[in-house]
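Summary of structural features
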Amino acid sequence: MTPEPDAPDDPDDGAADLTRLVLTLIGSRHSVAPKRLLAPGPDATQLLQLVDAAACAPDHRGLRPWRLVRIADHQRDALADLFEACTRERMADDDPPAGADDIARSRDKAYRAPTLLLAVLKAEPADPEVPLIERAVTLGAALMNLLLAAHGLGFAAMLTSGRAVRSARFAQAMGLATGEQAVCFVSIGTAAVGQRRGRGSAADYLGDWCPGAAGPAR
Ligand SMILES: Cc1cc2nc3c(=O)[nH]c(=O)nc-3n(C[C@H](O)[C@H](O)[C@H](O)COP(=O)(O)O)c2cc1C
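None of these values were measured; they are calculated from a predicted model.

One way to put it is that helix H3 (residues 76–90) packs onto helix H4 (residues 100–108) with a least axis distance of 8 Å and a crossing angle of 140°. As far as their axial angle goes, H4 and H3 are oblique. Our pair here, H3 against H4, has a crossing hand that is right-handed. Here H3 contributes Ala80, Phe83, Glu84 and Thr87 to the contact with H4, which in turn contributes Asp102, Ile103, Ser106 and Arg107. Of the residues assigned to the contact of H3 with H4, the class counts are 3 nonpolar, 2 polar and 3 charged.

This brings us to the site of the ligand. Residues in contact with the ligand, as listed here, are His30, Ser31, Met158, Leu159, Thr160, Ser161, Gly162, Val183, Cys184 and Arg197. Here the residues of the shell around the ligand are counted per class, giving 4 nonpolar, 5 polar and 1 charged.

A separate point is unusual backbone geometry. Following Ala39, the chain continues to Pro40 via a peptide bond in cis, the omega torsion being 5°. With an omega of 0°, the peptide bond between Glu124 and Pro125 qualifies as cis. For Pro125, the location among the structural elements is in the loop between strand E3 (115–122) and helix H5 (132–152). At Ala113, a position not held by glycine, the phi torsion is positive, near 70°. The topology assignment puts Ala113 in the loop between H4 and E3.

An α-helix turns once every 3.6 residues. As a result, residues three or four positions apart point the same way. Between the first and last C-alpha of H5 there are 30 Å, a value that for 21 residues agrees with the 30 Å anticipated at 1.5 Å per step. For H5, the complete set of buried residues consists of Arg135, Thr138, Leu139, Ala142, Leu143, Leu146, Leu147, Ala149 and Ala150. Those residues of H5 that are buried are in contact with helix H2 (44–54), strand E2 (66–71), E3, strand E4 (156–160) and strand E5 (180–191). Once H5 ends, the next one or two residues include Gly154, with phi positive near 95°.

Bringing the environment of Arg90 into the picture now. Position of Arg90 relative to the elements: it lies in helix H3. Residue class for Arg90 comes out partly exposed when judged on the 17 C-beta atoms lying within 10 Å of it. Residues Arg90 and Ala110, spaced 20 residues apart in sequence, show a C-alpha to C-alpha distance of 17 Å.

The subject of this paragraph is the nonpolar core. Ranked by size, the top nonpolar core spans 33 residues in total, and within it Ala119, Leu143, Leu146, Ala150, Ala157, Val186 and Ile188 carry the most contacts. At the level of elements, H2, H3, E3, H5, E4 and E5 are the ones that each hand at least two residues to this core. If we ignore the near neighbours within four places in the chain, the residues touching Ile188 are Leu37, Gly41, Pro42, Ala113, Thr115, Ala150, Phe155 and Ala157.

Analysis parameters
- Residues numbered from 1 in each chain as written.
- Predicted model: local features only at pLDDT ≥ 70, side-chain atom pairs only at ≥ 80, totals over all residues.
- Axes fitted to C-alpha atoms, helices over the stretch in contact; angles between N-to-C directions.
- Helix = DSSP H or I, 4+ residues; strand = E, 2+ residues; numbered from the N terminus.
- Parallel < 35°, antiparallel > 145°, perpendicular 65-115°, else oblique.
- Left-handed = near helix turned anticlockwise from the far one by under 90°.
- Contact = placed C-beta atoms within 7 Å.
- Nonpolar A, V, L, I, M, F, W, Y, C, P; charged D, E, K, R; others polar.
- Near = placed C-beta within 6 Å.
- Expected span 1.5 Å × (residues − 1).
- Buried ≥ 20, exposed ≤ 12 C-beta atoms within 10 Å, placed from the backbone.
- Core = buried A, V, L, I, M, F, W, Y, C linked by C-beta atoms within 7 Å.

What follows is the structure, encoded as structure tokens:
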């Protein structure tokens, strides 16, 4: 029997379009290093759209276990000073200690990308049902949503961390509360060029449960 042709307003067409759109968006996103992220970054309205997208992440018991700290343009010198202080502290016992090149490199990172956010993970208030790993998953999902939304709006972005971000000095300067942990920067801007890196295939990640056996080989 010949199948009926699809009606023009077949709702399945819309679903197929959406699937294609979502998979294309996800499959075409790639990170672009902060030093290659140029102006313009998202405007105030677009930035809120990105954060709204981040807020759609799965969140066990609705704890909202993350926040984003925006580093304004006029705060870049202060951030450079902070990076310099963290580098000097970290390398104080090195032989030789931090030199002019180390300092210049660390300061330079404060001036990259038109939009710079710090992602913070919140462990408090404690909830016995939601361990830190689950909160971190929520933050990761939120950041992924944000990266995808940025990509959808035509921007490029990248997550970066580094030893300074994990230091006590940094946490104190950023005003992090007890139970808060700086995780990474989110740099957003416009990319002149970008290269998508190779990805693993689904088979690298997906396996069946075989009791006692190791997961898929890498
Ligand atoms: C929390 C976090 C921190 C990261 N920090 C760095 C970093 O400091 N330097 C770096 O080169 N990549 C870092 N990455 C990896 C990049 O953000 C990026 O995911 C990686 O280069 C792969 O590129 P892709 O997003 O195009 O797949 C980090 C990733 C995550 C999730």
